[in-house]
Number of protein chains: 2
Amino acid sequence: MARIHNFNAGPAAMPLEVIEKARAELPDLGGIGMSVMEISHRSKEFQSIVDAAEAGIRRLMKVPEDHVILFLQGGASLQFAMLPMNLRRAGRSADYVDTGNWATRALKEARITGAVNVAWSGKEDHYARIPKPGELALLPDAEYVHICSNETIGGIRWTRFPETKAPLVVDMSSDILSRDIDIAPLGAVYAGAQKNLGPSGLAVVILRRDLAERVPETVPLFLRYSTHIADGSLYNTPNTWAIYMLKLTCEWLEARGGVAAMERENERKAAVLYGVLDSSAFWRSPVEVESRSIMNVVWRLGSEELEARFIAEAKAAGMVGLKGHRSVGGIRASIYNAVPTASVEALAEFMREFERKNG
Amino acid sequence: MARIHNFNAGPAAMPLEVIEKARAELPDLGGIGMSVMEISHRSKEFQSIVDAAEAGIRRLMKVPEDHVILFLQGGASLQFAMLPMNLRRAGRSADYVDTGNWATRALKEARITGAVNVAWSGKEDHYARIPKPGELALLPDAEYVHICSNETIGGIRWTRFPETKAPLVVDMSSDILSRDIDIAPLGAVYAGAQKNLGPSGLAVVILRRDLAERVPETVPLFLRYSTHIADGSLYNTPNTWAIYMLKLTCEWLEARGGVAAMERENERKAAVLYGVLDSSAFWRSPVEVESRSIMNVVWRLGSEELEARFIAEAKAAGMVGLKGHRSVGGIRASIYNAVPTASVEALAEFMREFERKNG
């Protein structure tokens, strides 16, 4: 079977070893005569899976004991709604930093249920950069400060997180487990699974335990973090398949040396592509150099026709997912943890060849 | 590989053919060089999967065109919260019929955000039966009437749904696709997937289109049915794996003759077990005969010690998931669509043998 070079933005490439392991455990998980999808979420077999997934995340991200780890459904999009419902008390406001499409979606949802302060917006700059520390107009009494650590569409990332008085809440959907982040000073981290964690339909939420106590009594039980904390993510039937795949992904990551090793590999992979972009005026990166994402590398060519030809010829050469998001156009290569260095090198070689023919 | 006899209440047995098909399409879905978990939810490949799943549900359940079909996350538990948030306007109330654990969870969640009328409760009768038509104390101006069509813990079901002036909303998590139901007169049907539809982490919602227009502007975007209707269940990244498995399950059902054929088989399977229960005083069914579920068959033995021995010996004989819910004890066999008749016959044979040895 020929694996394709998969540069999809999400759902995205998963480690082949993880898929092969899951395949080998269908339809029989470790000799129990059933697949992982057919056992109770309250069975000892599944409890050991959810425990292993949680322990894997805790070790890989060095999550301190005063932060809980939750496995919820609804992806990051439900978190956009749950965060303000749980963490912003009546009459209070929260700071949102608008760095692009995902930050905008988070703040749009937060506005429905209460007050929001937009502490900075990159909209007029076409979201080409992350703000400098002095640029944030933070409230003196915000309930929390929300940022999106990596914007998949703009291709920018917070290389360093801002220092804030209020708890910092970070949407890390597109770069969780891709780089070493100190969780201890953060109020919350959340991520949809479908880029670096596993299949879609799962959100990992890491939350400082005391922040769950703020929730008003008017919030539905299912939408309270406290409900899911009390039942160890088993208040209702969770996405058991996705938690199982996350457990396998954590094992794969640990076998490869953990997050620090992965970060070095990701930096190398990104450097290969940025190296090509910086090598000639044939390529144009629309992103400020200091804000460059190492997960989503975006670029433009001289014309939209040339970009369309690039994407079509790349596809014919076995490289998919390179079309930029429909809202901005251009080209984008998403190179999450599971995208092999060999795929990135194949793309770089294709780029150099494409420039020779069209430059 | 020996498949076990799987009587789990949920997540539950899935058709072996469905799992084998999914296995065969890992890690390569139809020659595209990626698995179904690694493609964009906005790709043409995935669109054809979600379209096929929707068409399958529409054909199998004969869903009329004025009802939409949605694939959401959060299972039935999120629907317990979303339904009243969307369908019950400010100052209005809704009728809830309390037939057991699941009906109770739905009404408990509805109470958090507004008024609820408990139109009938079986609590004092230990949830041993479904109410008769004349027993429901319905409001003259309820926004909707909520019932749970089949209670997995009590082992009772609505053989016929009540006639109501307000739209009837039915939690069919444990018997959707198991019997022929006329959707046309219903306001909404919803179901967590992990019993008759596929793996956990997915809810199917069938909603009369006009009911989605009631939603107040204070409800978060993600929690509005109108949001998901507008984007064909692709407002955010859905649980793509579960939708794919649901598509395969629909194909499996249609190949076996659809819901009518499945209903006949389910009636036969249930009759095999109730036949044993009715054959001697060794067994005791705590459920009113007219309210008997054909999905979850519950029974008691003379003592808890004898019940524990039954469960242990059944497990040793390759039959799992027979322990009654921890809130009620006893024995329960869940015999959803995917539980083969052969498994039910093996259980009946084991029961007769157990009675011979212990009766």
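Only a predicted model underlies this, so the values are computations on that prediction, with no experimental measurement involved.

The next thing to look at is the pairing of strand β10 (residues 203–208) of chain B. Residues and elements named next belong to chain B. Among the six residues of β10, five are classified as buried, and the element is accordingly described as predominantly covered. As judged from the five bridges shared by strand β9 (residues 188–192) and β10, these two strands associate in the antiparallel manner. Residue pairing in the sheet places V189 in a bridge with I206 of β10.

Let us look at the domain arrangement of chain A. All names here are of chain A. Taken domain by domain, chain A holds domain 1 (16–255) and domain 2 (258–358). Look at where the C-alpha atoms of domain 1 and domain 2 centre, and you get two points 27 Å apart. Each partner contributes to the interface: domain 1 provides 25 residues, whereas domain 2 provides 25 residues. Where domain 1 packs against domain 2, one counts two salt bridges.

The next thing to look at is the sheet that holds strand β2 (residues 67–72) of chain A. Residue and element names in this part refer to chain A. Pairing in this open sheet of seven strands is mixed, and the strands run β2-β10-β9-β8-β5-β3-β4 from one edge to the other. Each end of this open sheet is capped by a strand with a single partner; those strands are β2 and β4 (115–121). Mean inter-strand twist for the sheet, computed between neighbouring axes without regard to direction, equals 20 degrees. Packing of helix α4 (residues 101–113) onto the sheet brings it into contact with β3 (93–98), β4, β5 (145–148), β8 (168–171) and β9 (188–192), and relative to β3 it is tilted by some 160 degrees.

Here the idea is simple: oppositely charged side chains can pair when their charged atoms come close. Residue and element names in this part refer to chain A. Under the definition given, this model contains 48 salt bridges over all chains. The closest approach of N and O atoms between E265 and R256, which form a salt bridge, is 3.1 Å. With a shortest N-O distance of 2.8 Å, D278 and R292 are connected by a salt bridge. Of the two residues, D278 is situated in helix α7 (residues 258–279) and R292 in the loop between α7 and β11 (296–299); the sequence distance between them amounts to 14 residues. Taking the relative accessible area as the measure of exposure, R292 reaches 12% and is therefore buried. Among the charged side chains, a network of salt bridges with common partners joins R89, R92, E143 and R214.

The subject of this paragraph is the environment of A:L83. Residue and element names in this part refer to chain A. Note that L83 resides in helix α3 (residues 75–87). Accessibility expressed as a relative area gives 2% for L83, which makes it buried. As a C-alpha pair, L83 and A188 span 105 residues in sequence and 9.2 Å in three-dimensional space. With residues up to four places along the chain from it excluded, the contact list for L83 reads R88, Y144, H146, V169, Y190 and Y225.

Counting from both sides, the interface comprises 64 residues of chain B and, opposite them, 64 residues of chain A. On the chain B side of the interface with chain A, the three residues burying the most area are B:R23, B:M37 and B:E38, jointly 13% of the side's total. At the boundary of chain B with chain A, the tally comes to two salt bridges. Across the chain B-chain A interface, the total number found is 27 residue pairs in polar contact (both at pLDDT 80 or more). Secondary structure elements with two or more residues in the side of chain B that touches chain A: α1 (16–24), α3 (75–87), α4 (101–113) and α6 (240–255) of chain B. Of the residues assigned to the side of chain B that touches chain A, the class counts are 32 nonpolar, 20 polar and twelve charged.

This paragraph deals with the packing of aromatic side chains. Inspection of the entire model under this criterion finds 23 aromatic pairs over all chains. Centre to centre, the rings of A:W299 and A:F310 are 6.0 Å apart; their planes meet at 85 degrees, and the pair counts as edge-to-face. With a gap of eleven residues between them, A:W299 in strand β11 and A:F310 in helix α8 (residues 304–316) connect regions that are remote in the sequence. One aromatic cluster is present, formed by A:F282, A:W283, A:W299, A:F310, A:F350 and A:F354 through successive ring pairs. The side chain of A:R105 reaches across the aromatic face of B:Y235, ending 4.6 Å from its centre.

Moving on: the environment of B:L29. All names here are of chain B. Its place among the elements puts L29 in the loop between α1 and α2 (44–61). C-alpha of L29 to C-alpha of E45: the two residues are 16 residues apart in sequence and 9.3 Å apart in space. Sequence-distant contacts of L29, that is, excluding residues within four places in its chain, are made with M34, S35, V36, I39, I49 and Y244.

As a further point, take the packing of helix α1 (residues 16–24) of chain A against helix α6 (residues 240–255) of chain A. Residue and element names in this part refer to chain A. Running from N to C, α1 and α6 cross one another at 130 degrees; their axes reach a closest spacing of 9 Å. One finds that α1 runs oblique with respect to α6. Considering only the axes of α1 and α6, their crossing is right-handed. Note on element contacts: α6 touches α1 through W241, Y244, M245, L248, T249 and W252, opposite E17, V18, K21 and A22. Across the contact of α1 with α6, the residue classes tally to seven nonpolar, one polar and two charged.

All names here are of chain B. Strands sit in the order β2-β10-β9-β8-β5-β3-β4 across an open sheet of seven strands; the sheet is mixed. Each edge of the open sheet is held by one strand with a lone partner, namely β2 (67–72) and β4 (115–121). Between one strand axis and the next, the sheet turns through 20 degrees on average, direction left out of account. Along the sheet face, α4 touches β3 (93–98), β4, β5 (145–148), β8 (168–171) and β9 and points at about 160 degrees away from the line of β3.

Looking at the element boundaries, A:Q79 is found in helix α3. Excluding residues that lie within four positions of it along the chain, A:Q79 makes contacts with A:L72, A:P84, A:Y190, A:V205 and A:Y225.

Cut-offs applied
Residues numbered from 1 in each chain as written. Chains lettered and ligands numbered in written order. Predicted model: local features only at pLDDT ≥ 70, side-chain atom pairs only at ≥ 80, totals over all residues. Heavy atoms only, no water. Buried < 20%, exposed > 50% of the residue type's maximum accessible area, 1.4 Å probe, protein only. Helix = DSSP H or I, 4+ residues; strand = E, 2+ residues; numbered from the N terminus. Pairing = 2+ DSSP bridges. Domains from an automatic or database assignment. Contact = heavy atoms within 4.5 Å. Salt bridge = Lys/Arg side-chain N within 4 Å of Asp/Glu carboxyl O. Axes fitted to C-alpha atoms, helices over the stretch in contact; angles between N-to-C directions. Buried area = accessible area lost by both parts, 1.4 Å probe. Polar contact = N/O pair within 3.5 Å; in protein donor to acceptor, adjacent residues only side chain to side chain. Nonpolar A, V, L, I, M, F, W, Y, C, P; charged D, E, K, R; others polar. Phe/Tyr/Trp six-rings, centres within 6.5 Å; stacked < 30°, edge-to-face > 60°. Lys NZ or Arg CZ within 6 Å of the ring centre and 35° of its normal. Parallel < 35°, antiparallel > 145°, perpendicular 65-115°, else oblique. Left-handed = near helix turned anticlockwise from the far one by under 90°.

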